[in-house]
Amino acid sequence: MLTISNKGRLMPESPIRKLVPYAEKAKKNGVKVFHLNIGQPDIETPFSAIEAVKNSNIKVLAYSKSEGDYELRNKICDYYSKISIKIDESQVIVTSGASEALLFTIGSIMDPGDEIIIPEPFYANYNGFSVANGVNIVPIFSSIDNNFELPKIQEFENLISSNTKAILICNPNNPTGYVYSYDEIKTLVEIVKKHNLFLISDEVYREFTYDNVSHTSIMQFDDIKQHAIVIDSVSKRYSMCGARIGCIISKNSEFISTAMKFAQARLSPP
């Protein structure tokens, strides 16, 4: 008998994409639609990027290295050096957007039945990435009453079990827009050190801070360099969502070499 996997049945439909047909129907009926369902910046993609694609003289679209071309990884390192974070090319894996980076990360550090703690509200597709790997999300509630600030350390510790492998944050947060302060990130640093957990930080909205608020990256804390995994992308920063260029950054060499296996196994390397 032909059957669909239980994991496939449990795989949630993206609520972001689910709204698209309704928006398209409304547009056809002359309704002005303001898209709040998808993270597409309302700025133009840099002219130089568009021109580089138009003027490319590539004769063969060949496979590149699974970890991404050296030139791109070197440029990523240059970018991070400008925000006072020192990394080298061996600590970077280029991926097909931040989504693939998260899939590789969860697959590399977690087994079916393991748990990952995520402050809620969170990016809806974190559900899909977790289900795809048989991982259970343990949400920790943040409230609009205090502007969605990070829950207290005791609330995290109340949720940590023998199955907990990681804490995942999005900073600045999607969808709330909240930017975690230095002290809040420091709290997470202490938790992951104490309980020997990975700390994954989705930092694709790093430049989207306002009112003189500064962004704090988990890569700024040397004492968790074996725990820290950063997810990044050009999608938001340069309004290049369709380019599908993301990356994983970590100083944990065992994690990077494991994630590389996922990169090597993909059908089409970046």
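Attention in this report is confined to the structure presented alongside it. (Residues numbered from 1 in each chain as written. Predicted model: local features only at pLDDT ≥ 70, side-chain atom pairs only at ≥ 80, totals over all residues. Heavy atoms only, no water.)

1. As for the overall build of the chain
Stated precisely, the cut-off is as follows: Starting at the N terminus, helices and strands are each numbered in turn, a helix being any DSSP run of H or I of at least four residues and a strand any DSSP run of E of at least two. Two things to know: the radius of gyration comes from C-alpha atoms, and the globule rule equals 2.2 Å times the number of residues to the power 0.38. Residue exposure (1.4 Å probe, protein chains only): buried if accessible area is under 20% of the type maximum, exposed if over 50%, otherwise partly exposed.
Across its full length, the chain carries 10 helices and seven strands. For the chain, the C-alpha radius of gyration of 19 Å lies close to 18 Å, the compact-globule estimate for 270 residues. C-alpha atoms of the chain, sized along the principal axes, occupy 60 × 55 × 50 Å. A buried classification covers 44% of the 270 residues belonging to the chain.

2. Details of the sheet that holds strand β6 (residues 228-233)
This is how the line gets drawn: By this definition, two strands are paired if DSSP reports at least two bridges between them. Here, axes are lines fitted to C-alpha atoms. For helices the fit covers the stretch in contact, and angles between N-to-C directions go from 0 to 180 degrees. When checking whether two residues touch, look at their non-hydrogen atoms; a contact exists if any pair is within 4.5 Å.
The mixed open sheet is built from seven strands, whose spatial order is β1-β7-β6-β5-β4-β2-β3. Pairing within the sheet leaves two strands with one partner each, and these edge strands are β1 (92-95) and β3 (136-141). Direction aside, the axes of adjacent strands within the sheet are offset by 20 degrees on average. Helix α6 (residues 97-109) rests against β1, β4 (164-170), β5 (198-202), β6 and β7 (246-249) of the sheet, and its axis sits at about 160 degrees to β6. Against the sheet, helix α10 (residues 253-265) touches β1, β6 and β7, its axis set at about 25 degrees to β1.

3. Observations regarding the packing of aromatic side chains
Each aromatic ring pair is specified by the distance between its two centres and by the angle formed by the two planes. Heads up, the condition is: Ring pairs are drawn from Phe, Tyr and Trp, using the six-membered ring of Trp, whenever the two centres fall within 6.5 Å, and their geometry is named by plane angle: stacked under 30 degrees, edge-to-face over 60, tilted for the rest.
According to the stated counting rule, one finds nine aromatic pairs in the structure shown. Their ring planes at 75 degrees and their centres at 5.4 Å tell us that Y178 and Y180 sit as a pair that is edge-to-face. The residues Y178 and Y180 share a single accessibility class, namely buried. Each member of the aromatic cluster is reached from another via a ring pair, and the members are F122, Y123, Y126 and F129.

4. With respect to the state of the cysteines
For clarity, the cut-off: Working definition: a disulfide is two cysteine sulfur atoms within 2.5 Å of each other.
As enumerated under the stated definition, the model contains zero disulfides in all. The closest cysteine sulfur to the non-disulfide-bonded C77 is located on C247, 9.2 Å from its own sulfur. Residue classification places C77 among the buried positions, given a relative accessible area of 7%. Free of any disulfide, C170 has its nearest cysteine sulfur in C241, 13 Å distant. Accessibility expressed as a relative area gives 4% for C170, which makes it buried.

5. Some remarks on the pattern of salt bridges
Formally: A side-chain nitrogen of Lys or Arg and a carboxyl oxygen of Asp or Glu constitute a salt bridge if their distance falls within 4 Å.
What the rule picks out here adds up to 13 salt bridges. With a shortest N-O distance of 3.5 Å, E190 and K186 are connected by a salt bridge. Of this pair, E190 and K186 both sit in helix α9 (residues 182-195), separated by four residues, roughly a single helical turn. Judged by relative accessible area, which is 29%, K186 ranks as partly exposed. Among the ionic pairs, D232 bridges to R206, the shortest N-O distance being 3.1 Å. One end of the pair, D232, is in strand β6; the other, R206, is in the loop between β5 and β6, with 26 residues separating them in the sequence. In this pair, the class of D232 matches that of R206, namely buried. A network of salt bridges, in which partner residues are shared, links E203, R206, E207, D232 and R237.

6. A look at α6
Since the α-helix turns once every 3.6 residues, residues separated by three or four places project in the same direction. Short version of the rule: Any helix carries an expected span of 1.5 Å times its number of residues minus one.
With 13 residues, α6 extends 19 Å from end C-alpha to end C-alpha; this agrees with the ideal 18 Å at 1.5 Å per step. Within α6, 11 of the 13 residues are buried, which leaves it mostly tucked inside the rest of the structure.

7. A few points about the side chain of E157
Note the cut-off: Each polar contact in these results corresponds to two N or O atoms within 3.5 Å; when the atoms are within protein, one needs to be able to donate a hydrogen and the other to accept it, and residues that are neighboring in sequence are counted only if both atoms are side-chain atoms.
Along the chain, the position of E157 falls in helix α8 (residues 153-159). On the basis of relative accessible area, E157 is assigned to the buried category, the value being 18%. Only 3.0 Å separates the side chain of E157 from the side chain of K194, close enough to count as a polar contact. Aside from chain neighbours lying at most four places away, what touches E157 is K194 and H195.

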